[in-house]
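Architecture at a glance
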Amino acid sequence: MAFCLLKSLTRKSSLPAALRLRSPELIGTKSTFCIQTLPYSTKRVKKEETVTADEITAYGVPLSRPISEILKELNKKVPDSLIRTRTESDGFTLKHLPWHIVNRIMNLHAPEWSGEVRSITYSADGKYVTVTYRVTIYGTDAELFRESTGTSSVNESGYGDPVQRAEAMAFRRACARFGLGLHLYHEEL
């Protein structure tokens, strides 16, 4: 899993440089690079020791850590460069984190997380669909889950089908219950 994560994070993509790893750590190499210091930093530090399977890290962060450390990282403010702005049909401007950025941040700080759709429910009149999503993070001392819902209009045009839109909304909200991007909800206060 760690290899796939590191491989996916090194691919050239539209992802901001802050979330892209330039040179992955490989098991058994004597000269590796890892990301250190600030979250989302692209500063590379050369390491000269051998990397074993027990020492695999993602961005210099151990894969298994206590829940309190994971939550501390998830509660940090997300850099403005990762935040997107969307204008609703009524003219209201909304700041949000796209689901794929939330996914990358979860992979960064809680690499052993999992998510699942718990239910898909259509309204009685068939105009709306609601998805319930559960995100679970695993630490060395416990596992913790949060659930949330997302609702989308069946007639709404846009990217993806209504279930995809509702699922993305529910996923982002479930992650926000861990503190990820929560500052966007109360920025005006």
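Residue indices follow the written sequence of each chain, beginning from 1 at its first position. Reporting of local features is limited, given that this is a predicted model, to residues whose pLDDT is at least 70; pairs of side-chain atoms are given and counted only at 80 or more, and all residues count toward the totals for whole chains, interfaces and linings. Note that water and hydrogens are dropped before the side-chain values are worked out from all heavy atoms of the structure.

Regarding the overall build of the protein chain
Scanning the protein chain from N- to C-terminus turns up four helices and nine strands. Mapped from its N terminus to its C terminus, the protein chain presents α and β elements in the order α-β-β-β-β-α-β-β-α-β-β-β-α. The burial tally for the protein chain puts 38% of its 189 residues in the buried class. The contact rule is simple, with two residues in contact once any of their heavy atoms fall within 4.5 Å. Across the protein chain, the fraction of contacts at a sequence separation of at least 24, relative to all contacts at a separation of at least 6, is 50%. Accessible areas in this description were obtained via Shrake-Rupley with a 1.4 Å probe; residue shielding takes into account the shown protein chains only. Counting only carbon and sulfur atoms, one obtains 52% of the accessible surface of the protein chain, whose full area is about 11000 Å². To qualify as a helix, a DSSP run of H or I must reach at least 4 residues; to qualify as a strand, a run of E must reach at least 2; elements of each kind are numbered from the N terminus. Think of it in three bands: residues with accessible area under 20% of the maximum for their type are buried, residues over 50% are exposed, and the middle band is partly exposed, with areas taken using a 1.4 Å probe on protein chains only.

Considering the confidence of the model for the protein chain
Scored from 0 to 100, pLDDT records how confident the predictor is in each individual residue. Here the protein chain averages 76 in pLDDT, while 65% of its residues score no lower than 70. Predicted confidence is poor over residues 1–59, with pLDDT under 50, and the contacts of this stretch with residues over four places away or in other chains come to 109 contacts.

Topic: the nonpolar core
Nonpolar side chains in soluble globular proteins tend to end up buried together. To qualify as a nonpolar core, a set must consist of buried Ala, Val, Leu, Ile, Met, Phe, Trp, Tyr and Cys residues joined through side-chain atoms within 4.5 Å. Core analysis: the biggest nonpolar cluster contains 23 residues, and Leu97, Met106, Val135 and Ile137 have the highest contact counts within it. Looking at this core, the elements with two or more residues in it are α2 (67–74), α3 (99–109), β8 (128–138) and α4 (162–176). When neighbours within four sequence positions are excluded, valine 135 is seen to be in contact with Met106, Trp113, Ser114, Gly115, Leu144, Phe145, Arg146, Phe171, Ala174, Cys175 and Phe178.

Some remarks on α4
In this analysis, the expected span of each helix is defined as 1.5 Å times one less than the number of residues it contains. Here α4 is 15 residues long and its end C-alpha atoms lie 21 Å apart, about the 21 Å a rise of 1.5 Å per residue gives. Looking at α4, one finds that the buried residues are Pro162, Arg165, Ala166, Ala168, Ala170, Phe171, Arg172, Ala174, Cys175 and Ala176. The inward-facing, buried residues of α4 contact β5 (84–87), α3, β8 and β9 (143–153).

Thoughts on the sheet that holds strand β7 (residues 114–122)
DSSP calls a pair of strands paired once it identifies at least 2 bridges connecting them. The three strands lie next to each other as β7-β8-β9, forming an open sheet whose pairing is antiparallel. Both edges of this open sheet fall to β7 and β9, since each of them pairs with a single strand only. In this sheet, adjacent strand axes meet at a mean angle of 20 degrees when their direction is disregarded. Sheet topology note: the β8/β9 ladder contains 11 bridges and is antiparallel. Bridge assignment links threonine 136 to a residue of β9, and that residue is phenylalanine 145. Strands β8 and β9 of the sheet are contacted by α2, whose axis makes an angle of about 130 degrees with β8. Axis geometry follows a simple rule: fit a line to the C-alpha atoms, using only the stretch in contact for helices, then measure angles between N-to-C directions, giving values from 0 to 180 degrees.

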